[in-house]
Amino acid sequence: MSDRRTTLPLYLGGFLGPFGGAVLAVLIPELRHAFHASTDQIALAVPAYLVPFALLQVVSGTIGERIGRRRTVRVAYVAYAASLLLSAVAPNIGVFLASRAFQGMANAFTTPLLLAGLADAVPAAQRGRAVGMFAGIQAGGLSLAPLLGGLAAEVSWRLAFILPALVSVGLMLMPPPEAPHEPGSVAASFRSVATPRMALLCLAGFAGYLGMAGLAFLVSLRAADAFALGATGRGALLATYGAAGLAFGRAGGLGSERLGPGRGAVVAAIGCAAAIAPLGLVGSAGAMATLWFTAGAVSALLWAALNTISVEAVPANRGGAVSLFAACKFAGTAVAPLAWLPVYDASPGLAFALAGVVLLAIVPLAPASLRVS
């Protein structure tokens, strides 16, 4: 059995990163007032965080494995806390945007190493449920960030950055376990993740985010266009996806263990495609929320399966494999607006249907990633 004193801080760290990325959405009015800035200027804080976060993950896991997980994560938590405090005391929008970029950079060196450490901290037979729980908690960080950030903003928007900074300092004292080293093993290398298996897995992750996880903006747009939902209604609808992921995270992990990660990814991809494809055709906001919730619930199995493949793909460099996989997933999110908005403008139904087709690309990719080295 795994030691909860070891795994609990890893789960908390998994919550902290997505929370820090998503908390901005609810703070836009307060930030506009504080910095005398426009909405467009405040919106720049989203790519300011996500771009360095995604790009650095191409290499951050391997760097962390070479330097040492514990040392890397400790330094990253200190940097994350310092950049959060900088956000809280920023005198102008320029400093605030810079602080967000530093947060993204720091988080790139925590999230993949926490998941790699979790994979080593639990017995192999329990790895699927642990990885599923980690993914569910990350979904919870995304879905709860607007609520918790809004509660903090009732006192002061600065608390939405100060409180996570304090948590980050506490987690610094509980870093993940180091990677076990077999006699004669070599240091983690960038070449170790340049394999056909990782290429297929990264394509599957890219498809999953392009076809589903990166669709939140399109779901929000459709809810406004078709059902005239206001900001609060759209926010509640979008939150159902993350809430479902949190609620079904452990169940998704158990499903991955019982089916096997390859078969689990196939089943989940088909289920997610079935939920996503009709989103542009349904006739009520309730039906749309139900489908979006279903996609979030089934995605718990999908990400448990694909993340399990990623942590097992390169045992000598778990952190590198996890971070490269994550970078490719977020690339799907970055491409999603460019890919789907022109199609949506022509036909909302076609845009969501094609997103479902993209998800079906996982059906051959996930099993194939297990058959090659």
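Residues numbered from 1 in each chain as written. Predicted model: local features only at pLDDT ≥ 70, side-chain atom pairs only at ≥ 80, totals over all residues. Heavy atoms only, no water.

1. What about the overall build of the protein?
For the protein, the count of helices and strands is 19 helices and zero strands. On C-alpha atoms alone, the protein measures out to a radius of gyration of 20 Å, which is about the 21 Å that the 2.2 N^0.38 rule sets for 373 residues. Its C-alpha atoms give the protein principal-axis dimensions of about 60 × 45 × 35 Å. Per-residue burial for the protein yields a buried fraction of 51% across its 373 residues. Looking at the protein alone, contacts between residues at least 24 apart form 86% of all its contacts between residues at least 6 apart. When the accessible surface of the protein is totalled, it reaches about 15200 Å², and 70% of it is carbon and sulfur. Averaging the coordinates of the 22 positive side-chain charges in the protein and doing the same for the 12 negative ones gives two points 6 Å apart. (Helix = DSSP H or I, 4+ residues; strand = E, 2+ residues; numbered from the N terminus. Rg over C-alpha atoms; globule rule 2.2 N^0.38 Å. Buried < 20%, exposed > 50% of the residue type's maximum accessible area, 1.4 Å probe, protein only. Contact = heavy atoms within 4.5 Å. Areas by Shrake-Rupley, 256 points an atom, 1.4 Å probe, with all protein chains shown as cover. Lys, Arg positive; Asp, Glu negative; His and termini not counted. Charge placed at Lys NZ, Arg CZ, Asp CG, Glu CD.)

2. Here's the deal with helix H12 (residues 216-227)
What sets the pattern is the α-helix's 3.6 residues per turn: residues three or four places apart point alike. The end-to-end C-alpha separation of H12 is 16 Å, in line with the 16 Å expected for 12 residues at 1.5 Å each. By the burial criterion, the buried members of H12 are Leu-218, Val-219, Ser-220, Arg-222, Ala-223 and Phe-227. If you follow the buried residues of H12, they end up packed against helix H13 (231-247), helix H16 (285-313), helix H17 (318-346) and helix H18 (348-359). Looking at the residues trailing H12, positive phi occurs at Ala-228, about 55 degrees. (Expected span 1.5 Å × (residues − 1).)

3. Description of unusual backbone geometry
You will see that His-36, though not glycine, has its phi angle at about 50 degrees, which is positive. Given the relative accessible area of 72%, His-36 is considered exposed. A positive phi angle, close to 55 degrees, is found at Ala-228, a residue other than glycine. Mapped onto the secondary structure, Ala-228 falls in the loop between H12 and H13. The exposed category is assigned to Ala-228, whose relative accessible area is 66%.

4. Structural notes on the side chain of Ser-220
Structurally, the position occupied by Ser-220 is in helix H12. In terms of polar contacts, Ser-220 uses its side chain to reach the side chain of Arg-234, at 3.2 Å. Beyond its immediate chain neighbours, meaning those up to four positions away, Ser-220 contacts Arg-234 and Leu-238. (Polar contact = N/O pair within 3.5 Å; in protein donor to acceptor, adjacent residues only side chain to side chain.)

5. Some words on the packing of aromatic side chains
For the structure on display, the rule yields 11 aromatic pairs. With a centroid separation of 5.0 Å and an interplanar angle of 75 degrees, the aromatic rings of Phe-53 and Phe-330 are classed as edge-to-face. Taken together, the residues span a long stretch of sequence, with Phe-53 in helix H4 (residues 45-56) and Phe-330 in helix H17 at a distance of 277 residues. Phe-53 sits in the buried class, given a relative accessible area of 5%. Taken together, a centroid distance of 6.1 Å and an interplanar angle of 85 degrees make the contact between Trp-157 and Phe-161 edge-to-face. Take Trp-157 and Phe-161: they sit in the same class, and that class is buried. Joined through ring pairs, the aromatic side chains of Tyr-49, Phe-53, Tyr-209, Trp-303 and Phe-330 make up one cluster. Positioned above the aromatic ring of Trp-303, the side-chain terminus of Lys-329 is 5.3 Å from the ring centre. (Phe/Tyr/Trp six-rings, centres within 6.5 Å; stacked < 30°, edge-to-face > 60°. Lys NZ or Arg CZ within 6 Å of the ring centre and 35° of its normal.)

6. With respect to the pattern of salt bridges
Applying the stated criterion to the full structure yields five salt bridges. The salt bridge partner of Arg-69 is Glu-65, with a shortest N-O separation of 3.1 Å. On the basis of relative accessibility, which here comes to 1%, the residue Arg-69 falls in the buried class. Given a relative accessible area of 11%, Glu-65 falls into the buried group. Glu-257 is the partner of Arg-129 in a salt bridge, and the nearest nitrogen-oxygen pair spans 2.7 Å. Of the two residues, Arg-129 sits in helix H9 (residues 127-153) while Glu-257 sits in helix H14 (residues 249-259), which places them 128 residues apart along the sequence. A relative accessible area of 25% means that Arg-129 is categorised as partly exposed. (Salt bridge = Lys/Arg side-chain N within 4 Å of Asp/Glu carboxyl O.)

7. Thoughts on the packing of H9 against H14
Close contact between H9 and H14 brings their axes to 7 Å; oriented N to C, the two are set at 150 degrees. In this view, H9 runs roughly antiparallel relative to H14, as classed from their interaxial angle. In the packing of H9 onto H14, the handedness of the crossing is right-handed. For the pair formed by H9 and H14, the contact residues are Arg-127, Gly-128, Arg-129, Gly-132, Met-133 and Gly-136 on the first element and Gly-249, Arg-250, Gly-253, Leu-254 and Glu-257 on the second. (Axes fitted to C-alpha atoms, helices over the stretch in contact; angles between N-to-C directions. Parallel < 35°, antiparallel > 145°, perpendicular 65-115°, else oblique. Left-handed = near helix turned anticlockwise from the far one by under 90°.)

8. Some points on a nonpolar patch on the surface
On the surface, a cluster of nonpolar side chains totalling about 280 Å² of accessible area is made up of Leu-147, Leu-148 and Leu-151. Structurally, Leu-148 is set in helix H9. (Patch = residues over 30% accessible without salt bridge, like charges linked within 9 Å, V, L, I, M, F, W, Y side chains within 5 Å.)

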